[in-house]
Amino acid sequence: MGEGITYNSMVVDSGHADLLFGALADGTRREILALTLTGEHSVSQLARMFPMSFAAVQKHVAVLERAGLVVKRKQGREQRVRGNPAAVHEIREALDQLEIRWRQRVDRIDELLADPDRGDPA
Amino acid sequence: MTVTVVEKNPDDLSMTITAEFTAPVDRVWQVWTDPRQLERWWGPPTYPATVVDHDLAPGGRVSYYMTSPEGEKYHGWWRVLTVEAPGSLEFEDGFSDEQGNENRELPVTTVQVRLEPQGSGTVMTIRSRYASAEAMQQLLEMGMEEGMTAALGQIDELLAA
């Protein structure tokens, strides 16, 4: 039963992985994530740290937020942003799932190659 | 131990796995080029794969489905990008509906296969990369759906079980 369940979860899990990886495919967003994982920052603070407009930084934050990588909250007129460690953990799990899928395939190739019926086509 | 190295790189969205086989390159190449052999390892034993089309040429298409223990079919496709026999293959790997229409809402990965001789055996390197920025962008625009969040909860349960 185990492998069937693994396969199901991989299909769903890799969908989420795309969402996360898409958010992470950009260097600025990775830096924003790293900064907000160590402490909460306002969007305007973040905007001062990058050579780009407030609006551009806000856009990056929005992508990170949609992927669940950061959480935003309003404090007065400020938007405060902090990283979500659980989401970072999920990325690791998603890559682990990819590894598991290919390890299982390599094992099955190994078995196939060892099969005397198929092992030597000559 | 067959698998010798695994590298996971979140920055370029890829996972690379290196494996060693005692069989020569020509033999290992067959597990990719012979659809009947491909069926024996592509899907898990409980989700066996049936290969329908298998055109391993640049621009060619491989289509297959995997059958669940309950008889449900999951359809998939490859779009072949490059082939150099023996030992070099690159393709996109995705999902489709029963009619074979590509489902671009599910993730597409790009897979690079390299087979290199090592003594009388083979070193196989597979690089699997979560693919197109376009596909990922679509997912981002769709936003985090309730269903996806719920499914993730189920995965956590399954992984903990």
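Definitions and cut-offs
- Residues numbered from 1 in each chain as written.
- Chains lettered and ligands numbered in written order.
- Predicted model: local features only at pLDDT ≥ 70, side-chain atom pairs only at ≥ 80, totals over all residues.
- Helix = DSSP H or I, 4+ residues; strand = E, 2+ residues; numbered from the N terminus.
- Contact = placed C-beta atoms within 7 Å.
- pLDDT = per-residue confidence, 0-100.
- Pairing = 2+ DSSP bridges.
- Axes fitted to C-alpha atoms, helices over the stretch in contact; angles between N-to-C directions.
- Parallel < 35°, antiparallel > 145°, perpendicular 65-115°, else oblique.
- Nonpolar A, V, L, I, M, F, W, Y, C, P; charged D, E, K, R; others polar.
- Expected span 1.5 Å × (residues − 1).
- Buried ≥ 20, exposed ≤ 12 C-beta atoms within 10 Å, placed from the backbone.
- Arc of directions from axis to C-beta.
- Core = buried A, V, L, I, M, F, W, Y, C linked by C-beta atoms within 7 Å.

Some words on the overall build of chain B
Item 1. In terms of regular secondary structure, chain B is built from four helices and nine strands.
Item 2. Secondary structure of chain B in N-to-C order comes out as β-β-α-α-β-β-β-β-β-β-β-α-α.
Item 3. Relative to all contacts within chain B whose residues are 6 or more apart in sequence, the contacts with residues 24 or more apart total 34%.

So, the overall build of chain A
Item 1. Assigned secondary structure in chain A consists of six helices and three strands.
Item 2. Tracing chain A from N to C terminus, the helices and strands come up as α-α-β-α-α-β-β-α-α.

Describing the confidence of the model for chain B
Reading fine detail from the predicted coordinates is not recommended where pLDDT is low.
Residues and elements named next belong to chain B.
Item 1. On average, residues of chain B score 80 in pLDDT, and 76% of them reach the 70 mark or higher.
Item 2. Within the model, the stretch residues 132-161 combines pLDDT values under 50 with 36 contacts to residues more than four positions away or in other chains.
Item 3. On the interface metric, ipTM, the complex scores 0.79, and its pTM is 0.69.

Focus on the sheet that holds strand 1 (residues 41-42) of chain A
Strand pairing within a sheet occurs via backbone hydrogen bonds; the two strands may be parallel or antiparallel.
All names here are of chain A.
Item 1. Ordered by their spatial adjacency, three strands build an open sheet running 1-3-2, and the pairing between neighbours is antiparallel. The open sheet is flanked by strand 1 and strand 2 (70-75), the only strands paired with a single partner.
Item 2. Taken together, the two bridges between strand 1 and strand 3 (residues 78-83) define a ladder with antiparallel strand orientation. Along strand 3, the bridge assignment pairs H41 with V81.
Item 3. Packed on one face of the sheet, helix 2 (residues 27-38) meets strand 1, strand 2 and strand 3 and runs near 90° to strand 3.
Item 4. Most of the contacts of helix 4 (residues 54-66) go to strand 2, to which it runs at about 120°, and overall it touches strand 2 and strand 3.

Quick word on the packing of helix 2 of chain A against helix 4 of chain A
Residue and element names in this part refer to chain A.
Item 1. Where helix 2 contacts helix 4, the axes come no closer than 10 Å and their chain directions differ by 70°. One finds that helix 2 runs roughly perpendicular with respect to helix 4. Contact residues: T28, R29, I32 and L33 in helix 2; H60, V61, V63 and L64 in helix 4.
Item 2. Its residues assigned to classes, the contact of helix 2 with helix 4 comprises five nonpolar, two polar and one charged.

Side note on the environment of F21 of chain B
Item 1. Tracing the backbone through its elements, the reader meets F21 of chain B in strand 2 (residues 14-21).
Item 2. On a C-alpha basis, the gap between F21 of chain B and V123 of chain B in space is 6.4 Å, while along the polypeptide they are 102 residues apart.
Item 3. F21 of chain B has contacts with D110 and L113 of chain A together with T2, V28, G121, T122 and M124 of chain B, leaving out every residue within four places of it along the chain.

Some remarks on helix 2 of chain A
Residues and elements named next belong to chain A.
Item 1. Between its terminal C-alpha atoms helix 2 stretches 17 Å, which fits the 16 Å expected from twelve residues at 1.5 Å a residue.
Item 2. Taken residue by residue, helix 2 has R29, I32, L33 and T36 as its buried positions. The arc that holds every buried residue of helix 2, seen down its axis, measures 100°, which confines them to one face. Those residues of helix 2 that are exposed and angled more than 90 degrees off the buried face are G27, A34 and T38.

A word on the confidence of the model for chain A
Item 1. Residues of chain A with pLDDT of at least 70 account for 74%, and the chain-wide mean is 78.
Item 2. Confidence drops under a pLDDT of 50 for residues 1-14 of chain A, and excluding neighbours within four residues, the segment shows 25 contacts in the predicted structure.

Quick look at the nonpolar core
Item 1. Formed by 30 residues in total, the largest nonpolar core has its most connected members in F21, V28 and V31 of chain B.
Item 2. Breaking this core down by element, the ones donating at least two residues are helix 5 (85-114) of chain A together with strand 2, helix 1 (25-33), strand 4 (61-67), strand 5 (73-84) and strand 6 (88-96) of chain B.
Item 3. In terms of residues, this core owes the most to one element, helix 5 of chain A, which gives six residues.
Item 4. With sequence-adjacent residues up to four places away left out, V28 of chain B is seen in contact with L113 of chain A together with F21, A23, L115, T122 and M124 of chain B.
Item 5. Formed by 16 residues, the second largest nonpolar core is a distinct cluster that contains I32, L46, L69 and V70 of chain A.

As for the pairing of strand 5 of chain B
Residues and elements named next belong to chain B.
Item 1. Where strand 4 meets strand 5, seven bridges bridge the pair, whose relative direction is antiparallel. Paired with M66 across the two strands is Y74, which belongs to strand 5.
Item 2. Linking strand 4 back to strand 5 in an antiparallel pair, the connection comprises five residues, with G71 at a positive phi of about 90°.
Item 3. Where strand 5 folds back on strand 6, the antiparallel hairpin that results is connected by three residues, among which G87 adopts a positive phi of roughly 115°.

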